[in-house]
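A structural walkthrough
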Amino acid sequence: MSDFNAQVIEEFRANGGRVGGMFEGRTNMVLITTTGARTGRQVTNPLVYLPDGDRMVLVASNGGADRHPAWYHNLRAKPELTVEVGTEKFDATAEFVTGAERDELYDRMVELMPAFGDYRAKTSRVIPVIAVQRGDG
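Only a predicted model underlies this, so the values are computations on that prediction, with no experimental measurement involved. Starting from 1, residues in each chain are numbered consecutively following that chain's sequence as written. Restriction of local features to residues with pLDDT of at least 70 applies here, the model being predicted, together with a cutoff of 80 or more for giving and counting side-chain atom pairs; totals for whole chains, interfaces and linings are based on all residues. Just so you know, side-chain values use all the structure's heavy atoms and leave hydrogens and water out.

1. With respect to the overall build of the protein chain
- Helix and strand content of the protein chain: four helices and seven strands.
- Helix and strand definitions follow DSSP, with helices as H or I runs of at least four residues and strands as E runs of at least two, each counted in order from the N terminus. Counting from the amino terminus, helix and strand elements in the protein chain follow one another as α-β-β-β-β-α-β-β-α-α-β.
- Our radius of gyration looks at C-alpha atoms and nothing else; its globule reference is 2.2 Å times the residue count to the power 0.38. Relative to the globule expectation of 14 Å for 137 residues, the C-alpha radius of gyration of the protein chain, 14 Å, shows essentially globular dimensions.
- Overall size of the protein chain, expressed as C-alpha extent along the three principal axes, is 35 × 30 × 30 Å.
- The proportion of buried residues among the 137 residues of the protein chain is 46%.
- The contact rule is simple, with two residues in contact once any of their heavy atoms fall within 4.5 Å. Partitioning the contacts of the protein chain with sequence separation of at least 6, the portion at a separation of at least 24 is 61%.
- Only the protein chains shown count as cover for residues, and all accessible areas are computed by the Shrake-Rupley method using a 1.4 Å probe. Just so you have it, the protein chain exposes about 7,600 Å², and 47% of that area is on carbon and sulfur atoms.
- Charged residues are defined narrowly, with Lys and Arg counted positive, Asp and Glu counted negative, and His plus the chain ends left uncounted. Taken as the charge centre is NZ of Lys, CZ of Arg, CG of Asp or CD of Glu, depending on the residue. Taken as two groups, the 16 positive and 19 negative side-chain charges of the protein chain have centres that lie 6 Å from each other. Each residue is placed in one exposure class: buried if its accessible area under a 1.4 Å probe, protein chains only, is under 20% of its type's maximum, exposed if it is over 50%, and partly exposed if it falls in between.

Below is the structure:
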């Protein structure tokens, strides 16, 4: 895990889901914990999410890199994850969104955080969109 991610995770947990710096007051932050596709270890990543009804939408932009982020591969291998939002923590399942729904959700993410438009322009890959649904309890 990068030092930056570790710092964001620590700040998120210490402040009930609020994070300062570049994320302060303008984004919806979430921590996701996935199971490593190769290692089987639990890995936590801070991400920005798009609210969509009772789902949270994640975008596997990897900052516009030409490769999908590791957490995406983890969810492909095992779509169950743990979500932390605010002070709440719950189990959830990932669904990979495609086609017109994927495009519409990505465009909504760009409206929320314009940097996602830059990420899309930096890579030739189709950036995956993942809908996260709370587990049954």
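2. Description of the environment of arginine 13
- As for its position among the elements, arginine 13 is in helix α1 (residues 3-14).
- The spacing of arginine 13 and asparagine 62 is 49 residues in sequence and 23 Å in space, taken between C-alpha atoms.
- Apart from the residues lying within four places of it in its own chain, the contact partners of arginine 13 are Leu31, Thr44 and Glu84.

3. Considering the packing of aromatic side chains
- In summary, the pairing rule links any two rings of Phe, Tyr or Trp, Trp by its six-membered ring, whose centres are within 6.5 Å, and it sorts them by plane angle into stacked for under 30 degrees, edge-to-face for over 60 and tilted for everything else. Under the counting rule described, the total for this entry stands at two aromatic pairs.
- When the centroid spacing of 5.7 Å and the interplanar angle of 90 degrees are considered together, the rings of tyrosine 72 and phenylalanine 96 count as edge-to-face. Within this pair, whereas tyrosine 72 is found in helix α2 (residues 70-77), its partner phenylalanine 96 is found in strand β6 (residues 88-97), the two being separated by 24 residues in sequence. For the pair tyrosine 72 and phenylalanine 96, one class covers both residues: buried.

The values reported here are purely geometric and, on their own, carry no functional implication.
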